[in-house]
Amino acid sequence: MLNTRKPKIVQGPEILSKMVGESEANVRALFAEAEAEEKQMGANSGLHMIIMDELDAICKQRGSTNTGTGVHDTVVNQLLSKIDGVEQLNNILIIGMTNRKDMIDDALLRPGRLEIHMEISLPNEQGRVEILNIHTATMKKSGRLDADVDIAELAALTKNFSGAEIEGLVRAAQSTSLNSYVTATSKVEINPEVYKQLKVNRAHFLHSLEHDVQPAFGANIDDLNDYLLYGIIPWSPDISKILQEGDLYAKQAGNSDRTALVSLLLEGENFTGKTALAVKIAINSGFPFTKIITPGKLVELADMAKIRAIYKIFTDAYKSEISCVILDGIESLIEYVPIGMRFNMSMVQTIMTLIKNMPPRGKKLMIIATSSNPGLLKDIGLRQHFTHTMIAPLVQSVSNMADIVETLQVFSREETESLKMQLKEVNLRVGVKKLIDICMTAKQAGDSEAKKATFINLLTRAGGIL
Ligand SMILES: Nc1ncnc2c1ncn2[C@@H]1O[C@H](COP(=O)(O)OP(=O)(O)OP(=O)(O)O)[C@@H](O)[C@H]1O
């Protein structure tokens, strides 16, 4: 279109070489032709185009890699000197592509270098209709697409799918269809007569949507369900109230024209089920992008990498029209240690900035954070930045305890009644998670009396009986 010389298309990693100086030479070679033509023809030189895919592979922030060779750093330097060096080239257009802009050296992104930044965001519903039409066109033409496939419906069901993922879905639906015609005896065979009538129908697409292709920028419900091992037992009206209020905040984030950011802090003592409640609110919201940040997922990372990982989740969230990010156990995320009151200040700053930061125009975000130390959050100035707070309650009445115990089916109705009688005079104070743990241990104790004795013993030792 621009009438250029044949574009040079390179994959970032292709530039790198194990030979000393070779990577830099590869960068120079990319520019050699343009330089020669500029020297010869000056302003009459044709336009040269270099397209660099996966730019982040070679242009990482200098000083961020730890290979000991410094090769990455010198490749960045070489590229900088070619793009914006002493000998300026006026006959070259460089296009870099990446899905990790955050990892690219800042110097490369300044004016005069790769200065125009364009974000290809996730396709909207209309875009998805067009992409689906492109990828199903051949099937349609050859009569392989069943009449019951509704492209508009598929576009509505593929929220937050990228173009490549939609293409993957079409391919997966084709395989699903093919599989349904395969007879696997000792050989895998397809009846040629049946094959002639092979069509990809709506059921094949729905099957592949459920089993084969998950969007990278989606809500992985299976992953989230791992935090709901015992579901949500409605042991008190407070629990339904928390979930209802959570729904309201999600609606506020989703429906209000003015609210782009809702941040919710779920406070409660240890083991009160804060994570499970936060996850349940997130799932109920039905937001297409939902991610949970837990201390466990960051434990292996160094400080900067932790901050980058958290930023990455938020920048990913900003790509979706509406999203939910759960920050689980803020005190652990900031590495709080009560002895000497130590914590990671950079992490506090990061979390504070992200909680306060408005998502880009047109995007909406709900943040749900959990904490068992609201006093600390107040002292370090984080708590006041949440737009709403809610409290996960402790189990404090014997009848609530009995409801939980009965739901778990560890004790029979008679055993539960007998437990209620034995504990009727006591003051209870225990988190639902701890109570569930105790029940599950007691279940292993054998006969009815042993189960009840173990239950009471463990509850006392856990400080649940005052
Ligand atoms: N009503 C309820 N509310 C919360 N969790 C519940 C409820 N009923 C059952 N559960 C179960 O209790 C467990 C709660 O664990 P969760 O990790 O959420 O607690 P937590 O308060 O975040 O723990 P911690 O203090 O260790 O961070 C989950 O397995 C969940 O399925």
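The rules behind each value
Residues numbered from 1 in each chain as written. Predicted model: local features only at pLDDT ≥ 70, side-chain atom pairs only at ≥ 80, totals over all residues. Heavy atoms only, no water. Helix = DSSP H or I, 4+ residues; strand = E, 2+ residues; numbered from the N terminus. Rg over C-alpha atoms; globule rule 2.2 N^0.38 Å. Buried < 20%, exposed > 50% of the residue type's maximum accessible area, 1.4 Å probe, protein only. Areas by Shrake-Rupley, 256 points an atom, 1.4 Å probe, with all protein chains shown as cover. Lys, Arg positive; Asp, Glu negative; His and termini not counted. Charge placed at Lys NZ, Arg CZ, Asp CG, Glu CD. Patch = residues over 30% accessible without salt bridge, like charges linked within 9 Å, V, L, I, M, F, W, Y side chains within 5 Å. Salt bridge = Lys/Arg side-chain N within 4 Å of Asp/Glu carboxyl O. 1 Å grid on protein atoms, 1.4 Å probe; cavity = no way out; pocket = protein on both sides within 12 Å on 5 of 7 lines; lining within 4 Å. Points joined across faces, edges and corners; volume = space filled by probe spheres on them. Nonpolar A, V, L, I, M, F, W, Y, C, P; charged D, E, K, R; others polar. Pairing = 2+ DSSP bridges. Axes fitted to C-alpha atoms, helices over the stretch in contact; angles between N-to-C directions. Left-handed = near helix turned anticlockwise from the far one by under 90°. Contact = heavy atoms within 4.5 Å. Near = heavy atom within 4 Å. Polar contact = N/O pair within 3.5 Å; in protein donor to acceptor, adjacent residues only side chain to side chain. Sits in = over half its atoms within 2 Å of the grid points. Domains from an automatic or database assignment.

Q: Is there a simple way to think about the overall build of the protein chain in this case?
A: Tallying secondary structure elements over the protein chain gives 20 helices and ten strands in all. Its C-alpha radius of gyration of 29 Å places the protein chain more than 25% over the 23 Å reference for a compact globule of 466 residues. By its C-alpha atoms, the protein chain is 100 × 75 × 50 Å across when sized along the principal axes. Split into buried and exposed, the 466 residues of the protein chain put 43% on the buried side. Split by element, the accessible area of the protein chain, about 24900 Å² in all, is 52% carbon and sulfur. Mean positive and mean negative side-chain charge positions of the protein chain (51 and 56 charges, respectively) differ by 1 Å.

Q: What exactly am I supposed to notice about a nonpolar patch on the surface here?
A: Together, L93, I95 and M97 line one region of the surface with nonpolar side chains, adding up to about 210 Å² of accessible area. One can find I95 in strand β3 (residues 92–96).

Q: Can you walk me through the layout of surface pockets in this structure?
A: A water-sized probe, rolled over the atoms, reveals where empty space remains. There is about 1800 Å³ of room inside the largest pocket. Contributing to the lining of the largest pocket are 46 residues, with G96, M97, T98, H117 and M118 lying nearest its centre. Among the secondary structure elements, those contributing two or more residues to the lining of the largest pocket are α3 (71–84), β3, α6 (163–179) and α13 (303–319). Along the lines of polarity and charge, the residues of the lining of the largest pocket split into 21 nonpolar, ten polar and 15 charged. Counting only elements with at least two residues in the lining of the second largest pocket, the list comes to α11 (274–285), α14 (330–333) and α19 (432–442). Here the lining of the second largest pocket is composed, by residue class, of 15 nonpolar, ten polar and six charged.

Q: Sorry if this is basic, but what is going on with the sheet that holds β3 here?
A: Picture the strands of a sheet paired through backbone hydrogen bonds; they go either parallel or antiparallel. Spatially, the three strands line up as an open sheet ordered β1-β2-β3, and their pairing is parallel. In this open sheet, the two strands that pair with only one neighbour each are β1 (8–11) and β3. Averaged over all neighbouring strand pairs, the angle between strand axes comes to 15°, with direction disregarded. Two strands pair when backbone bridges link them, and β1 and strand β2 (residues 48–53) are joined in this way by four bridges, in the parallel orientation.

Q: How should the packing of helix α4 (residues 125–141) against α6 be read in this particular structure?
A: The angle between the axes and the distance between the axes are what describe a pair of packed helices. As a packed pair, α4 and α6 sit with axes 10 Å apart at the nearest point and diverge in direction by 35°. When the axes of α4 and α6 are compared, the crossing they make is right-handed. Counted together, R128, I131, L132, H135, T136 and M139 of α4 and G163, I166, E167, V170 and Q174 of α6 form the full contact between these two elements. Class assignment of the residues belonging to the contact of α4 with α6 gives a composition of five nonpolar, four polar and two charged.

Q: Got a minute to help me understand the side chain of T416 in this structure?
A: Tracing the backbone shows T416 in helix α18 (residues 413–422). In this view, T416 contacts A402, V405, E406 and F411; residues no more than four positions away in its chain are not counted.

Q: Looking at this structure, how should I read the site of the ligand?
A: The environment of the ligand is formed by 20 residues, the closest being G231, G273, K274, T275 and A276. G273 has a polar backbone atom sitting 2.8 Å from an oxygen atom of the ligand. Contact distances for the ligand include 2.8 Å between an oxygen atom and a side-chain N or O atom of K274. According to the grid-proximity analysis, the pocket containing the ligand is the second largest pocket. Secondary structure elements with two or more residues in the shell around the ligand: α11 and α19. Here the element with the most residues in the shell around the ligand is α11; it accounts for four residues. Within the shell around the ligand, the residues separate by chemical class into 13 nonpolar, five polar and two charged. Each of domain 3 (221–391) and domain 4 (398–461) gives at least three residues to the shell around the ligand.

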